[in-house]
Amino acid sequence: MAHDHTPASGGHGEHAGGHHVMPLSVYWGVFLALVVGTIVTVWSATIDLGALNVIVALVIASAKALLVVLYFMHVKYASKLTWLFVASGFFWLLIMLVITMNDYISRGWLQ
Amino acid sequence: MATTHAVAPAANGEKEPKSFWSDGYGWKSWLLTVDHKRIAILYLVSVVAFFIIGATFAALMRLELATPKGDVVDSETYNKLFTMHGVVMIFFFLVPSIPAILGNFLVPLMIGARDLAFPKINLLSWYIYVVGGALTLLAAVTGGIDTGWTFYTPYSSTYANGQVALAAIAVFITGFSSILTGLNFLVTIHKMRAPGLTWFRLPLFIWAQYATSLIMILGTPVIATTVFLVALERVFRIGIFDPALGGDPVLFQHLFWFYSHPAVYIMILPGMGVISDVIACFSRKRVFGYSFVAFSSMAIAVLGFMVWGHHMYTTGQSAYASMVFSVLTMLVAVPSAVKVFNWMATLYKGEIHLTTPMLYALGFIGLFTIGGLTGLFLGIMSIDIHVHDTYFVVAHFHYVMVGGMVMAFLSGIHFWWPKMFGRMYPEWWGRFAAINIFVGFNLTFLPQFVLGFMGMPRRYHYYPEEFAQLNLLSSAGAALMGAGYLIIFVYMLWSVKFGLKVGANPWKATGLEWKIQSPPTTHNFESIPVVDEEAYDYGRGHAKHGKEASVVR
Amino acid sequence: MWKNIPLLPESASTIAGEYDLLWWFLVGLTVVFTALIFVGVLVLISVYRKTKDSPPATQIEGSILLELVWTGIPLVIVIGIFAWGTALYMRHSKVPENPVEMYITGKQWMWKGQHPNGTREINNLHVPVGRPIRLTMTSEDVIHSYYLPAMRVKRDVVPGRYSQLWFEPTKVGEYHIFCAEYCGTKHSQMVGRITVMEQDEYERWLSGSTGEAPEVAGKNLFESMRCASCHPVEDGQTMIGGAPARGPSMVGLHGREEELKGGAKVLVDDAYIRESILNPMAKIVAGYEPVMPTYAGQLGEEQIIQLALYIKSLKKKDGN
Amino acid sequence: MSADHSHAMPPGVLPPVSHHFEDLAQQEESEKLGMWAFLVTEVMFFGALFTAYTVYRNLYPEAFMLASSSLDWKLGGLNTLVLIVSSLTMALAIRGAQTSNRKVMLGNLVLTMVFGATFLVVKYFEYAHKYHVNLMPGPTFDVAAFGEHGPQARIFFSIYFAMTGLHAFHMVVGLILMAWIYKKAAAGHYTPMRYVGIENAGLYWHFVDLVWIFLFPMLYLLGAHTSGLAGGH
Ligand code: HEA
Ligand code: HEA
Ligand code: CUA
Ligand SMILES: [Cu+2]
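First things first, this report covers the structure right here in the doc. (Residues numbered from 1 in each chain as written. Chains lettered and ligands numbered in written order. Predicted model: local features only at pLDDT ≥ 70, side-chain atom pairs only at ≥ 80, totals over all residues. Heavy atoms only, no water.)

## Considerations on the site of ligand 1
Thought 1: The environment of ligand 1 is formed by 34 residues, the closest being Trp149(B), Tyr265(B), Asp384(B), His388(B) and His396(B).
Thought 2: Flanking ligand 1 are residues from chains B and C.
Thought 3: In the model, an oxygen atom of ligand 1 is placed 3.3 Å from a nitrogen or oxygen of the Leu378(B) main chain.
Thought 4: Gly379(B) is positioned with one of its backbone polar atoms (N or O) 3.1 Å from an oxygen atom of ligand 1.
Thought 5: Residue assignment for the shell around ligand 1 shows that the elements contributing at least two residues are helix H8 (249-266), helix H11 (319-347), helix H12 (356-379) and helix H14 (391-421) of chain B together with helix H1 (14-48) and helix H2 (64-93) of chain C.
Thought 6: Among the elements that line the shell around ligand 1, the one with the most residues is H12(B), at eight residues. (Near = heavy atom within 4 Å. Polar contact = N/O pair within 3.5 Å; in protein donor to acceptor, adjacent residues only side chain to side chain. Helix = DSSP H or I, 4+ residues; strand = E, 2+ residues; numbered from the N terminus.)

## As for the packing of aromatic side chains
Thought 1: As enumerated under the stated definition, the model contains 87 aromatic pairs over all chains in all.
Thought 2: A ring pair is formed by Phe50(B) and Phe92(B), whose centres lie 5.1 Å apart and whose planes are at 25°; its orientation type is stacked. Taken together, the residues Phe50(B) in helix H2 (residues 36-65) and Phe92(B) in helix H3 (residues 75-111) connect sequence positions 42 residues apart.
Thought 3: Classification of Phe50(B) by relative accessible area gives buried; the value is 9%.
Thought 4: Exposure remark for Phe92(B): the relative accessible area of 0% places this residue in the buried category.
Thought 5: A ring pair is formed by Tyr155(B) and Tyr182(C), whose centres lie 5.5 Å apart and whose planes are at 80°; its orientation type is edge-to-face. You can see Tyr155(B) sitting in helix H5 (residues 155-159) and its partner Tyr182(C) sitting in the loop between strand S9 (173-179) and strand S10 (192-197), one on each of two chains. In this structure, Tyr155(B) and Tyr182(C) share a single accessibility class: buried.
Thought 6: Members of the aromatic cluster, connected to one another through ring pairs, are Tyr53(D), Phe64(D), Phe119(D), Tyr127(D), Phe141(D), Phe156(D), Phe157(D), Tyr160(D), Phe161(D), Trp212(D), Phe216(D) and Tyr220(D). (Phe/Tyr/Trp six-rings, centres within 6.5 Å; stacked < 30°, edge-to-face > 60°. Buried < 20%, exposed > 50% of the residue type's maximum accessible area, 1.4 Å probe, protein only.)

## Considering the interface of chain C and chain B
Thought 1: Between chain C and chain B, the contact holds 82 residues from the first and 92 residues from the second.
Thought 2: Surface buried jointly by chain C and chain B totals about 7700 Å² across both partners, of which 71% is contributed by carbon and sulfur atoms.
Thought 3: At the junction of chain C with chain B, the criterion picks out three salt bridges.
Thought 4: The partner of Glu351(B) in a salt bridge is Lys50(C), and the shortest N-O contact between them spans 3.4 Å.
Thought 5: In this structure, the connection of chain C to chain B is made through 28 residue pairs in polar contact (both at pLDDT 80 or more).
Thought 6: Considering each element in turn, the side of chain C that touches chain B owes the most residues, 18 residues, to H1(C).
Thought 7: Residues belonging to the side of chain C that touches chain B are distributed by class as follows: 51 nonpolar, 18 polar and 13 charged. (Contact = heavy atoms within 4.5 Å. Buried area = accessible area lost by both parts, 1.4 Å probe. Salt bridge = Lys/Arg side-chain N within 4 Å of Asp/Glu carboxyl O. Nonpolar A, V, L, I, M, F, W, Y, C, P; charged D, E, K, R; others polar.)

## With respect to a negative patch on the surface
Residue and element names in this part refer to chain C.
Thought 1: Among the surface-exposed residues, Glu198, Asp200, Glu201 and Glu203 lie close enough to one another that they form a single negatively charged patch.
Thought 2: Tracing the chain through its elements places Glu198 in the loop between S10 and helix H3 (199-208).
Thought 3: The class of Glu198 is partly exposed, set by a relative accessible area of 39%. (Patch = residues over 30% accessible without salt bridge, like charges linked within 9 Å, V, L, I, M, F, W, Y side chains within 5 Å. Areas by Shrake-Rupley, 256 points an atom, 1.4 Å probe, with all protein chains shown as cover. Lys, Arg positive; Asp, Glu negative; His and termini not counted. Charge placed at Lys NZ, Arg CZ, Asp CG, Glu CD.)

## Regarding the coordination of the iron atom of ligand 1
Residues and elements named next belong to chain B.
Thought 1: In this structure, the iron atom of ligand 1 receives exactly one donor atom from the protein: His396 (NE2), at 2.2 Å.
Thought 2: A distance of 4.5 Å spans the gap from the iron atom of ligand 1 to the copper ion (ligand 4).
Thought 3: As for its position among the elements, His396 is in helix H14. (Donors = N, O, S within 2.8 Å, 3.2 Å for Na, K, Ca; no water.)

## Quick word on a nonpolar patch on the surface
All names here are of chain A.
Thought 1: On the surface, a cluster of nonpolar side chains totalling about 830 Å² of accessible area is made up of Val36, Val40, Trp43, Ile47, Leu49, Leu52, Val54, Ile55, Leu58 and Val59.
Thought 2: Only helix H1 (24-46) and helix H2 (52-72) provide two or more residues apiece to the nonpolar patch.
Thought 3: At five residues, H2 tops the list of elements feeding residues into the nonpolar patch.

## What to know about the side chain of Thr181(B)
Residues and elements named next belong to chain B.
Thought 1: Inspection of the secondary structure assignment puts Thr181 in helix H6 (residues 164-191).
Thought 2: By relative accessible area, Thr181 is classed as buried at 4%.
Thought 3: At 3.5 Å, the side chain of Thr181 and the side chain of Ser125 are in polar contact.
Thought 4: In contact with Thr181, not counting residues within four places along its chain, are Tyr43 and Ser125.

## Considering the site of ligand 2
Residue and element names in this part refer to chain B.
Thought 1: Inspection of the region around ligand 2 gives 33 residues, with Arg62, Tyr78, His85, His398 and Arg459 positioned closest.
Thought 2: Arg458 has a polar side-chain atom sitting 3.2 Å from an oxygen atom of ligand 2.
Thought 3: Measuring from an oxygen atom of ligand 2, one finds a backbone N or O atom of Arg459 at 2.6 Å.
Thought 4: Sorting the residues of the shell around ligand 2 by element identifies H2, H3, H14, helix H15 (427-454) and helix H16 (468-498) as the ones contributing at least two each.
Thought 5: It is H3 that provides the largest number of residues to the shell around ligand 2, a total of seven residues.
Thought 6: A class-by-class count of the residues in the shell around ligand 2 yields 22 nonpolar, eight polar and three charged.

## Notes on the sheet that holds strand S5 (residues 133-139) of chain C
Residues and elements named next belong to chain C.
Thought 1: Pairing in this open sheet of five strands is mixed, and the strands run S3-S2-S1-S5-S8 from one edge to the other. Two strands bound the open sheet, and with one partner strand each, they are strand S3 (120-122) and strand S8 (163-167). Averaged over all pairs of adjacent strands, the angle between their axes in this sheet comes to 25°, without regard to strand direction.
Thought 2: With three bridges joining them, strand S2 (residues 110-114) and S3 adopt antiparallel strand pairing. Bridge pairing links Gln114 to Arg120 in S3. (Pairing = 2+ DSSP bridges. Axes fitted to C-alpha atoms, helices over the stretch in contact; angles between N-to-C directions.)

## Some words on the pattern of salt bridges
A side chain of one charge can pair with a side chain of the opposite charge if their charged atoms are brought near each other.
Residue and element names in this part refer to chain C.
Thought 1: The tally for this structure, following the rule as stated, stands at 29 salt bridges over all chains.
Thought 2: Salt-bridge contacts for Arg134 lead to Glu101; the nearest nitrogen and oxygen are separated by 2.7 Å. Taken together, the residues span a long stretch of sequence, with Arg134 in strand S5 and Glu101 in strand S1 (residues 100-107) at a distance of 33 residues.
Thought 3: By relative accessible area, which is 21% here, Arg134 ends up partly exposed.
Thought 4: If you follow the salt bridges from partner to partner, you end up with Lys112, Arg120, Glu140 and Glu302 in one network.

## What to know about the coordination of the copper ion (ligand 4)
Residue and element names in this part refer to chain B.
Thought 1: Of the protein atoms, only His261 (ND1), His310 (NE2) and His311 (NE2) coordinate the copper ion (ligand 4), at distances of 1.8 to 2.1 Å.
Thought 2: Each donor residue of the copper ion (ligand 4) belongs to the same chain, with the gaps between them written as H-x48-H-H.
Thought 3: Taking the relative accessible area as the measure of exposure, His261 reaches 4% and is therefore buried.
Thought 4: Overall, the relative accessible area of 21% leaves His311 in the partly exposed class.

## Looking at the environment of Leu221(D)
Residues and elements named next belong to chain D.
Thought 1: One can find Leu221 in the loop between helix H6 (196-220) and helix H7 (224-227).
Thought 2: Judged by relative accessible area, which is 6%, Leu221 ranks as buried.
Thought 3: In sequence terms Leu221 and Leu78 are 143 residues apart; their C-alpha atoms lie 13 Å from each other.

Structure below.
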């Protein structure tokens, strides 16, 4: 990656590019957003939106997950390789879900 | 870098050079080792032991099937035999065969590293493998399992007798061994390549291992969870897969094949990697279309995850889903074809040496082609309806797994044997056994294609009279093939002690592993090499005639 | 010795011919490519085999053109056979008009068959030649698979649901029935014979056999299981004491589009009737209360089939 | 990615590098990548259960709503918040390591463990309750509790216990991991120079949190819009 492995000899500072110290405000901000997200999830579940309920719940959960991954797990500042790994995890999960459901949903579609 | 290191074979009896073999002799030095080479040897011993067990089951099965009546064992025993044969051969022999033995030994050597990224985890994965194997054997002797290696519900979860839960747990545990190996390889290949060794300078064996590792870490967890659910269902009747409790047995098949189809590529990609290296070496040529061969491995790994439903055409899966699976199955065959053609092109204008590893490699090309093309039959919905769960399928997968992967395994083992042991096996016997196995193999499994088309279902203890002759032929072939394996077993053991000693590079092959002594020292490289040459750079001096005594001239 | 060894399966159904055509095409394809590769390899190794005075290898990097060719050709071939095979599949999954309906129940380790007139047989099936036969199948325990190699058909028989299979025999004779899905100890003995007969002979065979017609058995069940206490079986019928029926009338039910609570529509077929009996709450008919009890565990698969046949026999009278 | 570890590190300046690595950067990158690869595996572990969930939820929507309503959303919600807080403290602990603030690091590690344990205690009470009212799938499961939807509701609970059980197992492992990390942290193993250990433990912890973020609405809130937020009967 964009790491230049400067030999860190003195014992001060960061010796590799990935070590990014985030300001405290970011952590607290994310935390607050997660709490708000949880409350909104519960609240939205009580309103009858029909099929939309699921979608709303999933969208909020995904947004929360994204915040955790990007900030708590530092992926925002991580190498492309890390991005690739994270993305492939979710991509494969999607393969499994979508292709399996493809069978269940389309039973009886053709003749 | 380009200098050859081949040295005259030391006269027998001379003091052994220091190597990873001489780095400690006690049992502790083996059982607590973190050296990837020693772990590879541990795997070699245990994987071969499981092959012998699996082959014994096969021998009993073929003996039984020699006649239509069930005269050797009873039905229940027969069912246990093929179940154990499948489970042992797949989970304990073929899946770990090339990755865990050759991969462990070679990945660090080929990329110029001193070890895998996580040596302790590497040892751990061997222990997990051994525990899983021991539990499976325990299940076998304390009641056995008769579900078939596919563990279909609700038979496995509710109706089967025997130790299904224990076997499921054993498979679950073994999965972790596979996952940890894959994880280790992935990280090692990403992070520990020697300076100058860019992705496109890697041997194709490494590309194949990389693709295999991807499948291992992405697929194996799913089978682990799935068999675990089966065990839960069996013990607690939780209702997930049992229709009597509201569950859907077909969901089990989806989850099972989500892993088990990609797993068949775990069982072929490493073999393809071996074949690329062997063919390049014994044609003294760079592999034709290197990057296409490399990327086809990745294409197989990714596409391979989207075709699992071709095992389920007759289950009542929606016709639309079957269609999607069918077309993707067709697509995944294309990268395999690309590889076969590139290997053939590599032979063109080469300098071909028909050594033992090369014979196996050529055998692989032929047999894998037959196995793969008959896989296409099965991928077509209307055709599969008739031959699904018949001996046609049995023949198909033995062609790809035995004709393909086992041939590749034997090829690789012979090819790197001198590197692992510093000694050569007897070449004449090597070629003899190779031809013996090739003939015996075809005699065993070619008739099964015919049997399958005639409609003989698989997993049949009794079968109708009209299938008798072909089955007898198949059993005879198995005996012949068995003799071939026996020969290999004997001369390989012999060679460890009495084989001709060889130098660093008896085949005059390219690649970092051949630039260090045979067998390597514990730390592989005195100093980490800097790579400045392309993969398979056979044009550069290696192929020149030399005076050194080495097997390839 | 080899003279009387068959190497081909019998072909005795309308689809067998088309099936075999594609089959032999694929065999041809395989033989051609295998030959190409075997011969290719043999030629290459004999021409370029290292000898004393053979030239050193010529290093060739590769060729984009060739790669495209040998990616493209297999691609075209596989898409071609996919299209052919899928078209065949689609054509073969369409059931012809007016099939003879038969019912199969799989059970460790036997096949129970039921004819339209109630004749039952085990591990055998007698069918008339030249008529499409439709099998509605289910299992009482594990997954089995009904396999008629001579007809080139096979279908898994899954507990908890109906699966269907059809074929039209073209040749009088006796053929194998196999169970193709591994189902336990005697899987290999879960076999039988299908006998294809001339139509008149089939009818004679049918009439010669005794057996309560399934509708009659179904009618008895309908009464003994007290279905009749809620469901009218004649037009305009009211329940005891003149009360309105609690459940929908069974007259003309089969084949009708039923409107469900919530507005969805469902076609009443065997599977729906089966579900209504075993899991009545899954789909509630519009205008009725969900009061019907489940009969899961009280009725076997065969009895459910009899009930379904009885319900089917309750046709609307003409002119109504 | 980068294979250019050509320059040799001056030995002895930094914490010891394992023999088989060229330099510390290579070792750290490997360890982190290994953790990510492991998490990808974890996604697939849970993935199989998510798939089973999706299939059955699609097949039996009413039963799932009904069964879901008998879970106590308040406890589930509470646990969600508990985990979010523990994720925050985890992140702060790592920040403590990065900024060589030993007190922040150790204090937050303790908090993380406390919240993790809280989660498990709450979970224990939920499980115990389900056990007492016979909603634990198994021979004692009370199929009649959901009327005609009994068998389907059992599937919901099977999936509920499988998913939350696997998740709770991860929490237990996480706690053990944290205790170990704490020991190492207290012994001064983590410096701004080298803190992959605690960072990897953090990745694991956040991942477990992330799974719960999905589990909560999927399991606890399905029936809320029809039966209201009654919960917990
Ligand atoms: C090493 C293992 C391995 C490999 C590599 C493969 C490779 C393939 N397999 Fe196989 N398969 C198994 C192991 C394997 N299989 C096993 C174990 C089973 C049974 C499981 C059980 O039920 O117990 C099975 C079952 C199986 C089925 C299910 C059959 C059934 O139960 O009804 C199907 C169906 O589509 C299938 C298809 C394929 C295809 C299309 C390929 C393709 O990847 C093959 C691609 C290769 C080629 C096509 C050859 C090379 C090409 C050329 C030389 C050029 C010419 C090419 C063209 C014209 C296209 N396999
Ligand atoms: C890696 C995988 C692998 C390997 C290497 C093999 C190797 C062999 N297999 Fe196996 N096989 C499977 C994987 C494998 N198999 C799987 C997954 C199944 C499906 C299981 C299921 O349905 O669940 C299966 C099923 C299977 C069947 C079908 C059983 C049935 O459906 O009823 C048969 C039948 O012939 C068979 C035969 C053989 C033979 C002859 C060999 C040979 O290559 C083995 C060579 C060794 C010997 C032959 C033994 C040594 C010889 C002697 C000691 C001499 C004496 C021999 C005789 C008298 C015969 N196998
Ligand atoms: Cu029934 Cu096999
Ligand atoms: Cu497959």
